[in-house]
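For reference, the chains in residue letters:
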Amino acid sequence: MNNGLSIVGARTNSGMREINDFYPTPGFAVEELLKREEFYGSVFEPACGRGDITEVLKLNGLTVYSADLINRGYGDTGKDFLKYGGANFGNIITNPPFKFGLEFILKAKQVANHKIAMFLKTVFLESQARYDMFNDKVFPLKTLYQFSKRISLYKNGIKMKNGGMASYAWYVWDKSYSGKPTIEWTQ
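The text that follows walks through the structure, step by step, so that each part is easy to find. Everything quoted here is computed from the prediction, not taken from an experiment.

### Considering helix 3 (residues 52–59)
Among the residues of helix 3, I53, T54, V56 and L57 are the ones counted as buried. In an axial view of helix 3, the angular spread of the buried residues amounts to 165°, which keeps them on one side of the axis. Where helix 3 is buried, its residues contact helix 2 (27–36), strand 1 (43–45), strand 2 (64–68), strand 4 (89–94) and strand 7 (168–174). G61 lies just past helix 3 and shows a positive phi near 85°.

Shown next, in the form of structure tokens:
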């Protein structure tokens, strides 16, 4: 296996990425977000997987609607967020399939009334295609919460020997924010 491809997430030990980009978010990563951001109103978790993010949000008193395109035994399944046409929610908090990160953010900006929090690779900052989205003043990027340590995300949630090869952050957009985005670090 090409180590460079492994580092950027193009391959795993089996040689292929998980077909639906299912790499569950560790609970501590969600806790780090909640230590730094207050969310009021309802929350929509549109890529809920097995409920890893949702369960932490609920334990912290938030009301969450969970859905996913794929049935992993949790939430409202068979729901394609990119085709969602229902009611708005106060907030969107999710770890989207990385290959659809931009599309998820653009859709979230249509569905969220207050805040959007997306768990993404730090390299998500790099892209000419995302330039306009990052410079949006109507629903602006408020803060990037960069993890100071590498987080291990495992294909299908199955722990492997490798881990911590990519850098992750919470990207938070806030409709009521004005100003330039800030960067903060988490443990």
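### Re helix 2
Residues that lie three or four places apart on an α-helix share one face, since the helix turns once every 3.6 residues. Within helix 2, the full set of buried residues consists of A29, V30, E32, L33 and L34. Packing partners of the buried residues in helix 2 comprise helix 3, strand 4, strand 5 (112–121), strand 6 (141–147), strand 7 and strand 8 (182–186).

### Topic: the packing of aromatic side chains
The tally for this structure, following the rule as stated, stands at 16 aromatic pairs. Consider the rings of F119 and F147, whose centres lie 6.0 Å apart with planes at 70°: the pair is edge-to-face. Taken as a pair, F119 in strand 5 and F147 in strand 6 lie far apart in primary sequence, 28 residues in all. For F119, a relative accessible area of 0% translates into the label buried. For F147, a relative accessible area of 4% corresponds to the buried category. Here the guanidinium or amino end of R72 rests over the ring plane of F22, the centre of that ring lying 3.9 Å away.

### Comments concerning the pairing of strand 7
The element strand 7 is largely enclosed, with a buried count of seven among its seven residues. Side-chain alternation along strand 7 places Y168, W170, V172 and D174 on one buried face and A169, Y171 and W173 on a second face that is also buried. Sheet topology note: the strand 5/strand 7 ladder contains seven bridges and is antiparallel. From the neighbouring strand, L120 faces strand 7, where its bridge partner is A169. The pairing of strand 6 with strand 7 spans five bridges and is antiparallel. The partner of T143 across the bridge, within strand 7, is V172.

### Some words on the environment of K35
Structurally, the position occupied by K35 is in helix 2. Residue classification places K35 among the exposed positions, given a relative accessible area of 60%. Separated by 151 residues in sequence, K35 and T186 place their C-alpha atoms 9.6 Å apart. In terms of polar contacts, K35 uses its side chain to reach the side chain of E32, at 2.9 Å.

### Quick look at the sheet that holds strand 2
With mixed pairing, eight strands are arranged side by side in an open sheet as 3-2-1-4-5-7-6-8. Only two strands of the sheet have a single neighbouring strand rather than two, namely strand 3 (76–77) and strand 8. Inspection of the sheet shows strand 4 paired to strand 5 by five bridges, in the parallel sense. When the bridges of strand 5 are listed, T94 appears paired with M118. Packed on one face of the sheet, helix 4 (residues 101–111) meets strand 1, strand 4, strand 5 and strand 7 and runs near 165° to strand 5.

What counts, and where the lines are drawn
- Starting afresh in each chain, residues are numbered from 1 along the sequence in its written order.
- Only residues with pLDDT of at least 70 are given local features in this predicted model, and only at 80 or more are side-chain atom pairs given and counted; all residues enter the totals for whole chains, interfaces and linings.
- Side-chain metrics in this entry use all non-hydrogen atoms of the structure; hydrogen atoms and water are not considered.
- The cut-offs for exposure are 20% and 50% of the maximum accessible area for each residue type, with area from a 1.4 Å probe on protein chains only; residues under the lower value are buried, those over the upper are exposed, and the others partly exposed.
- Strands are runs of DSSP state E lasting at least two residues, helices are runs of H or I lasting at least four, and both sets are numbered from the N terminus onward.
- Directions pointing from the helix axis toward each C-beta atom define the arc.
- Here a residue-residue contact requires only that any non-hydrogen atoms of the pair lie within 4.5 Å.
- Only Phe, Tyr and Trp rings take part, Trp by its six-membered ring, and two of them pair if their centres are within 6.5 Å. Stacked means planes under 30 degrees apart, edge-to-face means over 60, and tilted covers everything else.
- Only Lys NZ and Arg CZ are tested; either one counts as a charge over a ring when it is within 6 Å of the ring centre and within 35 degrees of the ring normal.
- Any two strands are treated as partners once DSSP identifies two or more bridges connecting them.
- Polar contacts here mean pairs of N or O atoms no more than 3.5 Å apart (in protein, one a potential hydrogen donor and the other a potential acceptor; neighbouring residues in sequence count only if both atoms are side-chain atoms).
- Helix axes are fitted only over the stretch in contact, all axes being lines through C-alpha atoms; the angle between N-to-C directions runs from 0 to 180 degrees.

No statement about biological role is implied by the geometric values presented.
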